[in-house]
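# A closer look at the structure
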Amino acid sequence: MNETLDFNKEYKEILDLNKKYTECRNNGRKINGNNFQIISGDVPILLSAPHAVKTFRGNDEKPCDKNTGEIVEYLCQKSHVYGITRIFNDNDDPNYYNEGSSLEYKKAIIELINKADIKIMFDIHGCSDGHGFGIEIGTNHGGNLRNKQIAEIVSNAFSKVAVVSKDTLFKASLPENVSNYVHAHTNIDCIQIEICHSIRNNSQKLMEWISVFSDLCQAVL
């Protein structure tokens, strides 16, 4: 009972971080003229949430990956890792284009990696239910990793809270994908993580995932 109450309290803290992303019908807003924010840390791990607000691919509006921005912010607070989140929809998609403000997002990541000597990046996304897994790990079949064993470490950790798939639907294999692009330009380990809706929107499941991820941060360094 007390554990559930704690889960709910921490989950509320996450939801309280959500306001900037839900402004203007999930289009967010710029801060100091920027469409993304960078969160400083102490641990050389970087978390990214490029779909924290709505995006556009061509003429098609894509819904935000709900709660991913605040998940990254909360993990930065809890585990003292670095973070970058998209806070304003600039009618583009950082995970789909290598031009304009989409490219600026990835260049900011590379600059931060070089400045802070980041060792590994996790690009956090949200997917719908019904794929047969709760979490998918995208590594471009190992092509976005320098240390191939990290994929197994991550997969084994997340299997404690959900069914885990690897490089099935969301492979991070396109040159425009954040993980693929960043690895190609920095050679650090980059993993895309898809979290299904039923985990992101359930207080207990999400806090269990966050607890596992916090432990994982120690295991991968």
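Report follows, based on the coordinates. Computed from a prediction, not measured in an experiment: that's the story for all the values here.

The rules behind each value
Residues numbered from 1 in each chain as written. Predicted model: local features only at pLDDT ≥ 70, side-chain atom pairs only at ≥ 80, totals over all residues. Heavy atoms only, no water. Core = buried A, V, L, I, M, F, W, Y, C linked by side-chain atoms within 4.5 Å. Buried < 20%, exposed > 50% of the residue type's maximum accessible area, 1.4 Å probe, protein only. Helix = DSSP H or I, 4+ residues; strand = E, 2+ residues; numbered from the N terminus. Contact = heavy atoms within 4.5 Å. Phe/Tyr/Trp six-rings, centres within 6.5 Å; stacked < 30°, edge-to-face > 60°. Lys NZ or Arg CZ within 6 Å of the ring centre and 35° of its normal. Pairing = 2+ DSSP bridges. Salt bridge = Lys/Arg side-chain N within 4 Å of Asp/Glu carboxyl O.

### Section: the nonpolar core
With 46 residues, the main nonpolar core has I45, F122, V154, F158, I193, W209 and F213 as its most contacted residues. Of all the elements in the fold, those that place two or more residues in this core are α1 (2-16), β2 (43-49), α3 (68-79), β6 (120-127), β7 (135-138), α5 (149-158), β9 (189-196) and α8 (203-219). Aside from chain neighbours lying at most four places away, what touches I193 is F122, D123, I124, H125, I135, E136, F158, W209 and F213. Among the nonpolar cores identified, the runner-up in size contains 16 residues, and Y82, I84, I109 and V182 belong to it.

### Some words on unusual backbone geometry
A negative phi angle characterises most non-glycine residues, just as the trans form characterises most peptide bonds. In the Ramachandran plot, N91 falls in the positive-phi region, its phi being about 60° despite a non-glycine side chain. Structurally, the position occupied by N91 is in the loop between β5 (81-86) and α4 (100-116). Residue classification places N91 among the exposed residues on the basis of a relative accessible area of 56%.

### Observations concerning the packing of aromatic side chains
Applying the stated rule across the entire model yields seven aromatic pairs. Measuring from centroid to centroid gives 5.1 Å for Y96 and Y97, while their planes differ by 90°, and the two rings are edge-to-face. Arranged with centres 5.2 Å apart and planes meeting at 75°, the rings of F122 and F213 form a pair that is edge-to-face. Highlighted residues: F122 in strand β6 and F213 in helix α8, separated in sequence by 91 residues. F122 gets classed as buried once you look at its relative accessible area, which sits at 0%. The exposure class assigned to F213 is buried, which follows from its relative accessible area of 0%. Sitting above the plane of the Y181 ring, K106 keeps its charged end 5.3 Å from the centroid.

### Concerning the pairing of β5
Burial within β5 is extensive, with six of its six residues counted as buried. Side chains V81, G83 and T85 of β5 all project onto a buried face; the interleaved residues Y82, I84 and R86 project onto the opposite face, where all are buried too. Bridge count for strand β1 (residues 36-39) against β5 is four bridges, and the pairing is antiparallel. Bridging across to β5, Q37 finds its partner in T85.

### Observations concerning the pattern of salt bridges
Under the defined criterion, the tally for this structure stands at nine salt bridges. One salt bridge in this structure joins E152 and K166, with 2.6 Å as the shortest N-O distance. Within this pair, whereas E152 is found in helix α5, its partner K166 is found in strand β8 (residues 164-166), the two being separated by 14 residues in sequence. Relative accessible area serves as the criterion here: at 35%, K166 is assigned to the partly exposed category.

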